[in-house]
Structures are given as structure tokens and as C-alpha cells.
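One letter stands for each residue in the lines below.
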Amino acid sequence: GAVVSQHPSRVICKSGTSVKIECRSLDFQATTMFWYRQFPKQSLMLMATSNEGSKATYEQGVEKDKFLINHASLTLSTLTVTSAHPEDSSFYICSANRPDSGGAGDTQYFGPGTRLTVL
Amino acid sequence: QKEVEQNSGPLSVPEGAIASLNCTYSDRGSQSFFWYRQYSGKSPELIMFIYSNGDKEDGRFTAQLNKASQYVSLLIRDSQPSDSATYLCAVLSGGSYIPTFGRGTSLIVHP
């Protein structure tokens with residue numbers, strides 16, 4: 001399968017600081033990447049869709065000024081959590097669309113996730 | 001509103017049995033269907049996809065698609081305790097690149 005990496009895997013920060021998370025597609029070019037958040041024992045929540053070279057599309061209720069997304073190249077998207085607070089502590093997962101995967105159209109591959117803890 | 005429904009479970013099966021996971025979807029224009037496995041504390045991992053009616057087999061896994069009835073299933077043969085996880089169904093509509101995910105079914109395989 002396709003490989004998507006995410007860095008860092010785990011981060012602990014103080015309240016009020018900003019945290020940047022990188023998502024890379026290692027063996028394919030991804031025009032579209034996605035950012036999800038998942039709280040313990042809850043389902044995936046799509047935060048935003050990131051298209052290379054254009055502004056991200058945020059889901060309802062997600063603050064675009066707090067969660068800055070940049071998709072600068074076909075293999076890299078970044079999520080910056082600005083002025084993080086304890087309620088932002090969560091598991092953040094990126095995914096990337098690999099086009100035309102064996103006839104299924106776009107297939108989404110997930111990164112390993114970043115566990116953010118805000119003290 | 002495109003909806004993808006899964007029974008949250010947990011579905012409990014004994015080791016060696018067949019686990020059957022079901023998913024229904026509302027959009028008749030859906031064309032591609034994906035099954036992901038997510039272990040606790042980990043990110044989802046693609047198991048397989050299907051886009052034609054019928055069965056598709058990959059090792060111990062079989063995906064079954066019935067577009068007329070708008071459901072897709074995942075069968076896991078010879079279930080192992082290591083199969084215990086949450087299984088997510090995702091559906092992609094024609095012309096779209098954003099899949100809709102179900103909330104997942106928790107599977108427990110007990111020895």
C-alpha cells in the first residue's frame with residue numbers, strides 16, 4: 001500500500017504555544033490531503049480538506065484561524081495548531097488521496113497520527 | 001446528506017469463527033467502497049476496496065458489495081484475537097474525492 005508519514009508522532013506543549021504537524025506522502029503525489037481529529041473512543045472527525053496550491057476547505061465548526069493548513073507541494077501538508085489549549089489535546093491524523101488505485105478511483109491512505117497533549 | 005451506517009457493536013466472535021461486518025449507505029451514486037481497520041490508539045489502515053457488485057477476496061478477508069440493496073460487507077474468516085479492532089466503512093461517490101466514513105464497528109475476537 002501507499003505510505004503516508006506524519007511528524008511528530010507525539011508532542012506535549014504548554015498552553016498558548018503553537019504546534020506544527022507535518023504530513024507527507026512518501027511514494028505518490030497527493031493533490032488532496034485531509035486532516036482529522038479523534039478523541040478517545042470516538043469516531044474520526046474530518047477537520048479540513050487540503051488541496052495543493054489552494055486554500056483548505058474547513059468543516060463546519062472548525063476554526064480556520066486556529067488550525068492553519070498549508071499544502072505547499074504534492075507531497076507535503078502541514079497543520080499548525082495555534083495558541084493551543086488543553087481542549088485541543090487529541091489524536092490528529094492526516095490522510096492523502098492516491099488517485100486511480102486499481103480502479104477504485106481515489107483511495108485514502110492514513111498517516112500514523114500525532115498525539116497532541118496540551119498542558 | 002450522504003450517510004454511511006454501521007452498527008457500533010461490539011461484535012463478539014470466538015476465535016476461528018467468521019466475523020461479518022455490515023455497512024449501508026444512502027447515496028445511490030456511490031461507486032467505490034473501502035474497509036479500514038483501526039486498532040485502539042492507532043490510525044486507520046486500509047484493508048481492501050471494492051467497486052463491482054459481488055465478492056472480492058483477499059486472504060482471510062472478503063468484501064461483498066450489493067449496489068441494488070446499498071450495502072457492503074466485510075467477512076473475516078478464521079478470526080484471530082489480533083483482528084480485534086474497529087472496522088470503518090468508507091464510501092466514495094462518483095465524481096467526488098472525499099469519502100464518507102461510517103462510525104465504525106468494534107470487533108472483539110475472544111480466545
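Whatever comes next refers back to the structure up there.
(A) Looking closely at the overall build of chain B. Of regular secondary structure, chain B possesses zero helices and eleven strands. Ordered by position from N to C terminus, the α and β elements of chain B give β-β-β-β-β-β-β-β-β-β-β. The globule rule puts the C-alpha radius of gyration for 111 residues at 13 Å, and the 13 Å found for chain B is close to it. Its C-alpha atoms put chain B at 45 × 30 × 20 Å along the principal axes. Here chain B holds 111 residues, and the buried ones make up 42% of them. Considering only residue pairs separated by 6 or more positions, chain B has 55% of its internal contacts joining residues 24 or more positions apart. Summing over all exposed atoms, chain B offers an accessible surface of approximately 5,400 Å²; the carbon and sulfur share of this is 46%. Counting 9 positive and 10 negative side-chain charges, chain B places the averaged centre of each group 5 Å from the other.

(B) Molecular detail of the environment of Asn-97 of chain A. With respect to the helices, strands and loops of the structure, Asn-97 of chain A is situated in strand β9 (residues 90-98). The class of Asn-97 of chain A is buried, set by a relative accessible area of 4%. Through-space distance from the C-alpha of Asn-97 of chain A to that of Gly-53 of chain A is 15 Å; in sequence the pair is 44 residues apart. In this view, Asn-97 of chain A contacts Phe-28, Gln-29, Ala-30, Thr-32, Phe-34, Asp-106, Thr-107 and Gln-108 of chain A together with Tyr-97 of chain B; residues no more than four positions away in its chain are not counted. Here the side chain of Asn-97 of chain A touches Tyr-97 of chain B through a polar contact of 2.8 Å, landing on its backbone oxygen.

(C) Examining the sheet that holds strand β1 (residues 4-5) of chain B more closely. All names here are of chain B. Pairing within the open sheet is antiparallel, and its five strands lie in the order β1-β3-β8-β7-β6. Where the open sheet ends on each side, the last strands, each with one partner, are β1 and β6 (54-58). Note: β1 against strand β3 (residues 19-25), two bridges, orientation antiparallel. Bridge pairing in β3 links Val-4 to Tyr-25.

(D) Just the state of the cysteines, in detail. Enumeration according to the criterion identifies two disulfides over all chains in this entry. Paired through a disulfide, Cys-23 of chain A and Cys-94 of chain A show a sulfur-sulfur distance of 2.0 Å. On the sign convention where negative means left-handed, the S-S torsion of about 75° between Cys-23 of chain A and Cys-94 of chain A marks this disulfide as right-handed. Linking Cys-23 of chain A in strand β3 (residues 19-25) with Cys-94 of chain A in strand β9, this pair joins segments that are 71 residues apart in sequence. Here Cys-23 of chain A and Cys-94 of chain A have matching classes, each one buried. Between the sulfur of Cys-23 of chain B and that of Cys-89 of chain B lies a disulfide, 2.0 Å long from S to S. One quick way to see it: the torsion about the S-S bond of Cys-23 of chain B and Cys-89 of chain B is about -70°, and its sign makes the bridge left-handed. Within this pair, whereas Cys-23 of chain B is found in strand β3, its partner Cys-89 of chain B is found in strand β9 (residues 85-93), the two being separated by 66 residues in sequence.

(E) Just the pattern of salt bridges, in detail. Residues and elements named next belong to chain A. Per the counting criterion, the structure on display carries five salt bridges over all chains. With a closest N to O distance of 3.5 Å, Arg-24 and Glu-22 form a salt bridge. Residue Glu-22 is classed as partly exposed on the basis of its relative accessible area of 25%. Between Asp-88 and Lys-66 there is a salt bridge; the shortest N-O distance is 2.9 Å. Taken as a pair, Asp-88 in the loop between β8 (76-81) and β9 and Lys-66 in the loop between β6 (57-58) and β7 (67-73) lie far apart in primary sequence, 22 residues in all. Comparing Asp-88 with Lys-66, the two get one shared label, buried.

(F) Inspection of the pairing of β9 of chain B at higher detail. Residues and elements named next belong to chain B. Burial of β9 is extensive: eight of the nine residues sit out of reach of the surface. Relative to β9, strand β4 (residues 30-38) runs antiparallel, the two sharing eight bridges. Looking at β9, one finds that Tyr-36 is bridged to Leu-88. Inspection of the sheet shows β9 paired to strand β11 (residues 105-110) by three bridges, in the antiparallel sense. In the strand pairing of β11, Thr-86 is matched with Ser-106. With two bridges connecting them, β9 and strand β10 (residues 100-101) associate as antiparallel partners. Residue Val-91 lies in a different strand from β10, and its bridge partner there is Thr-100. Following β9, the chain reverses through six residues before pairing antiparallel with β10; Gly-95 in that reversal takes a positive phi of roughly 85°.

Quick notes on the rules
- Residues numbered from 1 in each chain as written.
- Chains lettered and ligands numbered in written order.
- Predicted model: local features only at pLDDT ≥ 70, side-chain atom pairs only at ≥ 80, totals over all residues.
- Heavy atoms only, no water.
- Helix = DSSP H or I, 4+ residues; strand = E, 2+ residues; numbered from the N terminus.
- Rg over C-alpha atoms; globule rule 2.2 N^0.38 Å.
- Buried < 20%, exposed > 50% of the residue type's maximum accessible area, 1.4 Å probe, protein only.
- Contact = heavy atoms within 4.5 Å.
- Areas by Shrake-Rupley, 256 points an atom, 1.4 Å probe, with all protein chains shown as cover.
- Lys, Arg positive; Asp, Glu negative; His and termini not counted.
- Charge placed at Lys NZ, Arg CZ, Asp CG, Glu CD.
- Polar contact = N/O pair within 3.5 Å; in protein donor to acceptor, adjacent residues only side chain to side chain.
- Pairing = 2+ DSSP bridges.
- Disulfide = S-S within 2.5 Å.
- Salt bridge = Lys/Arg side-chain N within 4 Å of Asp/Glu carboxyl O.

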